[in-house]
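A look at the structure
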Amino acid sequence: MSEYTPTTKALRTNYAMTMLRVGRKDINPYLAFDHWLAKHDREVAAKALRDAAKDSQMGPVPYGWNASGIASWLLARAEQIEDVAGE
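Below is a short write-up of the structure.

What counts as what
Residues numbered from 1 in each chain as written. Predicted model: local features only at pLDDT ≥ 70, side-chain atom pairs only at ≥ 80, totals over all residues. Heavy atoms only, no water. Helix = DSSP H or I, 4+ residues; strand = E, 2+ residues; numbered from the N terminus. Buried < 20%, exposed > 50% of the residue type's maximum accessible area, 1.4 Å probe, protein only. Areas by Shrake-Rupley, 256 points an atom, 1.4 Å probe, with all protein chains shown as cover. Core = buried A, V, L, I, M, F, W, Y, C linked by side-chain atoms within 4.5 Å. Contact = heavy atoms within 4.5 Å. Salt bridge = Lys/Arg side-chain N within 4 Å of Asp/Glu carboxyl O.

What to know about the overall build of the chain
The helix and strand inventory of the chain stands at three helices and zero strands. Starting at the N terminus, the α and β elements of the chain follow one another as α-α-α. Looking at the chain residue by residue over its 87 residues, the buried ones come to 18%. As displayed, the chain has an accessible area near 6900 Å², and 60% of this comes from carbon and sulfur atoms.

Describing the nonpolar core
With seven residues, the main nonpolar core is built from Ala 46, Leu 49, Ala 53, Ala 71, Leu 74, Ala 78 and Ile 81. Not counting chain neighbours up to four residues away, the residues in contact with Ala 53 comprise Ala 71, Leu 74 and Leu 75.

A short note on the pattern of salt bridges
Under the defined criterion, the tally for this structure stands at four salt bridges. A salt bridge links Asp 34 to Arg 12, with the shortest nitrogen-to-oxygen separation between them at 2.7 Å. Placement of Asp 34 in helix H2 (residues 29-56) and of Arg 12 in helix H1 (residues 8-22) is noted, with a sequence separation of 22 residues between them. Take Asp 34: its relative accessible area is 31%, and that puts it in the partly exposed class. In this structure, the salt-bridge partner of Asp 51 is Lys 47, at a minimum N-O distance of 2.8 Å. Within this pair, Asp 51 and its partner Lys 47 are both found in helix H2, separated by four residues, close to a single helical turn. Taking relative accessible area as the criterion, Asp 51 reaches 34% and is therefore assigned partly exposed.

What about the environment of Ile 81?
On the secondary structure map, Ile 81 appears in helix H3 (residues 67-82). With residues near it in sequence (within four places) discarded, Ile 81 still touches Arg 42, Ala 45, Ala 46 and Leu 49.

Function cannot be inferred from these measures alone, as they are strictly geometric.
Below, the structure is given as structure tokens:
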């Protein structure tokens, strides 16, 4: 397997060029890609927070913090990240 990993810029350009040739003519493919990437990044961030909330329930919490409170805050922050107007 190749060690090559394309850059985000390369993927964005390839997506846009393909969509300009064969895709919908009523959308800007650069903006569509940017929109998809932002949504993907929010999903990844929310998953990381949910994973951290789950992990915070599995062991001692430093400095006497309340594990339940930390988990609740992390879960609420995950929901806030995903809750973007219009989506």
